[in-house]
Amino acid sequence: MNHKKIPSLTLPTTDYGQMQDMSNRHLVGVLRSAVLAPDRIGRFSPRPPEDHDAYVVRHRTSCIDIHLYSGGEEVFCIKFVEAPEY
């Protein structure tokens, strides 16, 4: 079995509570406008790939994972987590 390490990006957000109640389609919309938009994607490291053709959303206890796929292979994972309180 081939287990290659998939690059990932963890993004703390103050809107995490609201995001937990969003549909998968709405979460992908948030991802596309807040992270993957051409004017925003360069702000992140590691940088999400611009070439992808599918998303898989997973709601976990402590995070929301959105996996990016290209040609049937996972190429990146973005994790939304609750921002720590200051």
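Scroll up a little and you will see the structure.
Starting from 1, residues in each chain are numbered consecutively following that chain's sequence as written. The predicted nature of this model means local features are confined to residues of pLDDT at least 70 and side-chain atom pairs, given and counted, to a pLDDT of 80 or more, with totals for whole chains, interfaces and linings taken over all residues. Excluded from the side-chain calculations are hydrogens and water; all other atoms, namely the structure's heavy atoms, are used.

**Digging into the side chain of histidine 67**
Counting through the fold element by element, histidine 67 comes out in strand β3 (residues 64–70). A distance of 2.5 Å separates polar atoms of two side chains, one belonging to histidine 67 and the other to glutamate 74. Residue contacts are counted whenever heavy atoms from the two residues lie within 4.5 Å of one another. Once residues lying within four places of it in the same chain are set aside, the contact partners of histidine 67 are Ala54, Tyr55, Val56, Arg58, Arg60, Glu74, Phe76 and Cys77. Think of it this way: any DSSP run of H or I at least four residues long counts as a helix, any run of E at least two long counts as a strand, and we number them from the N terminus. Any pair of N or O atoms that falls within 3.5 Å is considered a polar contact. Within protein, one atom must be able to donate a hydrogen and the other to accept it, and sequence-neighbouring residues count only if both atoms are side-chain atoms.

**Observations concerning the environment of threonine 10**
Mapped onto the elements of the fold, threonine 10 is located in strand β1 (residues 8–13). Burial classification: accessible surface area is computed with a 1.4 Å probe over protein chains only, and a residue below 20% of its type maximum counts as buried, one above 50% as exposed, and the rest as partly exposed. On the basis of relative accessibility, which here comes to 44%, the residue threonine 10 falls in the partly exposed class. Taking the C-alpha atoms as reference, threonine 10 lies 17 Å from glutamate 50; in sequence the two are 40 residues apart. Filtering out sequence-adjacent residues up to four positions away, threonine 10 remains in contact with Lys79 and Val81.

**Considering the layout of surface pockets**
A pocket, in this scheme, is an open set of points on a 1 Å grid over the protein atoms alone with protein on both sides within 12 Å along at least 5 of 7 lines, while a cavity is a set where a 1.4 Å probe fits but cannot get out; residues line either one if an atom lies within 4 Å of a point. Grid points are joined across faces, edges and corners, and a volume is the space filled by probe spheres set on the points. One number sums up the size of the largest pocket: a volume of about 210 Å³. Lining the largest pocket are 14 residues, and of these Thr13, Asp15, Val30, Ala34 and Phe80 sit closest to its centre. Among the elements that make up the lining of the largest pocket, the one with the highest residue count is β1 (3 residues). Note that Gly is not counted as nonpolar here; it falls among the polar residues with everything else outside the nonpolar set of Ala, Val, Leu, Ile, Met, Phe, Trp, Tyr, Cys and Pro and the charged set of Asp, Glu, Lys and Arg. Its residues assigned to classes, the lining of the largest pocket comprises 9 nonpolar, 2 polar and 3 charged.

**Thoughts on the nonpolar core**
Proteins that are soluble and globular tend to have nonpolar side chains buried together. With 18 residues, the main nonpolar core has Leu31, Val35, Ile78 and Phe80 as its most contacted residues. Of all the elements in the fold, those that place two or more residues in this core are β1, α1 (16–20), α2 (24–34), β3 and β4 (73–82). When residues no more than four places from it in sequence are discounted, the contact partners of isoleucine 78 are Leu9, Leu11, Leu31, Val35, Pro48, Ile64, Asp65, Ile66 and Leu68. We define a nonpolar core as any set of buried Ala, Val, Leu, Ile, Met, Phe, Trp, Tyr and Cys residues linked to one another through side-chain atoms lying within 4.5 Å.

**Section: the environment of leucine 31**
Mapped onto the elements, leucine 31 comes out in helix α2. Placed 47 residues apart in sequence, leucine 31 and isoleucine 78 show a C-alpha to C-alpha distance of 8.7 Å. With near-sequence residues (within four places) excluded, leucine 31 lies in contact with Leu36, Tyr55, Ile66, Leu68, Ile78 and Phe80.

**Focus: α2**
Of all the residues in α2, the buried ones are Leu27, Val28 and Leu31. All buried residues of α2 fall inside an arc of 100° around its axis, so they share one side. In α2, the exposed positions angled more than 90 degrees off the buried face are occupied by Arg25 and Arg32. The inward-facing, buried residues of α2 abut α1, β2 (54–59), β3 and β4. Arc definition: it is the arc formed by the directions from the helix axis to the C-beta atoms.

**With respect to the side chain of glutamate 74**
Within the secondary structure, glutamate 74 is located in strand β4. Buried glutamate 74, no salt bridge; nearest opposite-charge side chain is arginine 58, N-O distance 5.4 Å. Beyond its immediate sequence surroundings of up to four residues, glutamate 74 is in contact with Lys4, Ile6, His67, Leu68 and Tyr69. Positive charge is attributed to Lys and Arg, negative charge to Asp and Glu, and no charge count is given to His or to the chain ends. By definition here, a salt bridge exists when the distance from a side-chain nitrogen of Lys or Arg to a carboxyl oxygen of Asp or Glu is within 4 Å.

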